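# An overview of the molecular structure
Below are the chains, spelled out letter by letter.
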Amino acid sequence: MKIARVEGEAVSTIKHATLDGQRLLMVQPLTPEGKDEGVPEIAVDTVGAGIGERVLVTQEGRAAEELTGHTNPPVRTLIVGIIDSIEAGGETVFAKNES
Amino acid sequence: MKIARVEGEAVSTIKHATLDGQRLLMVQPLTPEGKDEGVPEIAVDTVGAGIGERVLVTQEGRAAEELTGHTNPPVRTLIVGIIDSIEAGGETVFAKNES
Amino acid sequence: MKIARVEGEAVSTIKHATLDGQRLLMVQPLTPEGKDEGVPEIAVDTVGAGIGERVLVTQEGRAAEELTGHTNPPVRTLIVGIIDSIEAGGETVFAKNES
Amino acid sequence: MKIARVEGEAVSTIKHATLDGQRLLMVQPLTPEGKDEGVPEIAVDTVGAGIGERVLVTQEGRAAEELTGHTNPPVRTLIVGIIDSIEAGGETVFAKNES
Amino acid sequence: MKIARVEGEAVSTIKHATLDGQRLLMVQPLTPEGKDEGVPEIAVDTVGAGIGERVLVTQEGRAAEELTGHTNPPVRTLIVGIIDSIEAGGETVFAKNES
């Protein structure tokens, strides 16, 4: 799973049914120290992440719905966790601000 | 999911049955600011996207059809949304022209 | 799905059962304009593609066979279409020779 | 499967149910000789790996749970083995310290 | 599927059950002409490949076992064929030594 920072939000009116009612956030993949790594992606939020938060991003698995429908649903990129802190080499390389 | 711009269309007469009757669009992956990022791909259109539009692109999931047939269907790249706007850092980094 | 050009053929006598009787073609991924992009792969031909032809390449999905066997079959790279033409920006950036 | 070194640990309180009770380790992908290769990822530990250990990392497959639930579970990155040694070209390019 | 050369072997005592009793080979991805391309991976041998042999490498599909168990098995990288020869542009760019 990738570490990323929530950078913004995308709006899409005309979209596939599997994206209906979903919040689409723009996420920038990062190194553990917080440097940009590669290009932002659009992810479906499953945890209520806010702009600026450090999050865990992955792809979703394949689904039960696939067994009942006639078509293959698209695979969505998902935000699956809000990161509180990352420890490495005995140091805290990231800690969420709680002010 | 990647952000991309619809650049053109591909025509293929001899193709796998899962591509029959599908519109094949050439899409260029982009940064949120609209710069080219990597190489164009060919995607199946599921939303009626037009040339020049900003879209969301993903892979399709695995399918019910797989449970009824004798072979593994290929995985298609799909256009799953037309992007109206992208907000980041309090600014609108992309807005679809509505003129 | 990637655009690629059929470059050659690979021969393998000792192979997994899912590759038995399959034609294994070497395909070079391309930009829409036909420049090499990355490293050639080995793909199973599903459409009768010939050397030099421009093709669509993807991975296969997951399968019915998986529900009947005891092991996970490997995922094969597939040629799923022969490209006749690609239009972009009002121009034909690729057209198959029909001489 | 990739070779990686366990570098640290991530803490996430608000997360998807599939990550509940899981130990989230930060892993740095490596060459066989132990040089960093690419960017660290967050992986779920399935073997009790410790900080500094050389491990095998992969994605998980698709699941039984998918057939019983209503949504597609996210795909987790997994640590699936602790590497004791790697031999190449008649030499031991990596051996775990047992002091 | 990628072309690779078997470079060595990895030993792992503590590992996920899906790797039990499996031979873990280190494989270096190659161009068709045999130049190194990217970083070596660890693959499960399904064809009895030997050190120095040119092989076909892929990921495994999703499985029947997934329908009977309670967890998602990890996805293993597999060696699925030993390459005898590769022809391109009317020339043999690789032929296995049979001395």
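Residues numbered from 1 in each chain as written. Chains lettered and ligands numbered in written order. Predicted model: local features only at pLDDT ≥ 70, side-chain atom pairs only at ≥ 80, totals over all residues. Heavy atoms only, no water.

### Some remarks on the overall build of chain A
The line we're drawing: In this text, helices come from DSSP runs of H or I with a minimum length of four residues, and strands from runs of E with a minimum of two, each type numbered from the N-terminal end. Here the term buried applies to any residue with accessible area under 20% of the maximum for its type, exposed to any over 50%, and partly exposed to those in between, with areas from a 1.4 Å probe on protein chains only. Values of accessible area rely on a 1.4 Å probe in the Shrake-Rupley scheme; residue burial ignores everything except the protein chains shown.
Secondary structure assignment for chain A yields 0 helices and 7 strands. For chain A, the succession of helices and strands along the chain, N to C, is β-β-β-β-β-β-β. Within chain A, the proportion of its 99 residues that are buried is 58%. Put simply, chain A shows about 4,200 Å² of open surface, and 47% of that area lies on carbon and sulfur atoms.

### Some details on the side chain of D45(B)
Residues and elements named next belong to chain B. For the record, the criterion: Whenever a nitrogen or oxygen atom comes within 3.5 Å of another N or O atom, the pair is scored as a polar contact, on the condition that within protein one atom can donate a hydrogen and the other can accept it, and that pairs from neighbouring residues in sequence are kept only if both atoms are in side chains. By definition, residues are in contact when any of their heavy atoms lie within 4.5 Å.
Mapped onto the elements of the fold, D45 is located in strand 3 (residues 41-45). A distance of 2.9 Å separates the side chain of D45 from the side chain of R23, its partner in a polar contact. Beyond its immediate sequence surroundings of up to four residues, D45 is in contact with R23, L25 and I79.

### Quick word on the pattern of salt bridges
Going by this rule: We count a salt bridge whenever a side-chain nitrogen from Lys or Arg sits within 4 Å of a carboxyl oxygen from Asp or Glu.
Applying the stated rule across the entire model yields 35 salt bridges over all chains. R5(A) is the partner of D36(A) in a salt bridge, and the nearest nitrogen-oxygen pair spans 3.1 Å. Pair noted here: D36(A) is in the loop between strand 2 (24-29) and strand 3 (41-45) and R5(A) is in strand 1 (residues 2-11), with a separation of 31 residues, a long-range link. E53(C) is the salt-bridge partner of K96(C), the closest N and O atoms lying 2.7 Å from each other. Of this pair, K96(C) sits in the segment after strand 7 (91-95) while E53(C) sits in the loop between strand 3 (41-45) and strand 4 (54-59); the two residues are 43 residues apart in sequence, bridging distant segments of the chain.

### With respect to the confidence of the model for chain A
Rule in force here: For every residue, the predictor assigns a confidence score, pLDDT, that lies between 0 and 100.
Here chain A shows a mean pLDDT of 87. Residues at 70 or above account for 86%. Below pLDDT 50 for its whole length, residues 63-70 of chain A participates in 19 contacts with residues either more than four positions away or in separate chains.

### Some words on the environment of D36(A)
Residue and element names in this part refer to chain A. Relative accessible area serves as the criterion here: at 48%, D36 is assigned to the partly exposed category. With 32 residues separating them along the chain, D36 and A4 place their C-alpha atoms 8.5 Å apart. Filtering out sequence-adjacent residues up to four positions away, D36 remains in contact with R5, Q28, P29 and L30. A polar atom in the side chain of D36 sits 3.1 Å from the side chain of R5.

### Here we look at the pairing of strand 7 (residues 91-95) of chain B
Residue and element names in this part refer to chain B. The line we're drawing: If DSSP finds at least two bridges between two strands, the strands pair.
Pairing geometry for strand 6 (residues 85-88) and strand 7, over 4 bridges, is antiparallel. From the neighbouring strand, A88 faces strand 7, where its bridge partner is E91. The hairpin turn running from strand 6 into strand 7, its antiparallel successor, is 2 residues long, and G89 in that turn takes a positive phi close to 60°.

### Notes on the pairing of strand 4 of chain C
Residue and element names in this part refer to chain C. For strand 4, the buried fraction is high: 5 of the 6 residues fall into the buried class. Taken together, the 4 bridges between strand 1 (residues 2-11) and strand 4 define a ladder with antiparallel strand orientation. Of the residues in strand 4, the one forming a bridge with I3 is L56. The pairing of strand 4 with strand 5 (residues 77-82) spans 5 bridges and is classified as antiparallel. Residue pairing in the sheet places L56 in a bridge with G81 of strand 5.

### Here we look at the side chain of S85(B)
Of note, S85(B) is situated in strand 6. Once residues within four sequence positions are removed from consideration, S85(B) is found in contact with E9(A), A10(A), V11(A), F94(B) and A95(B).

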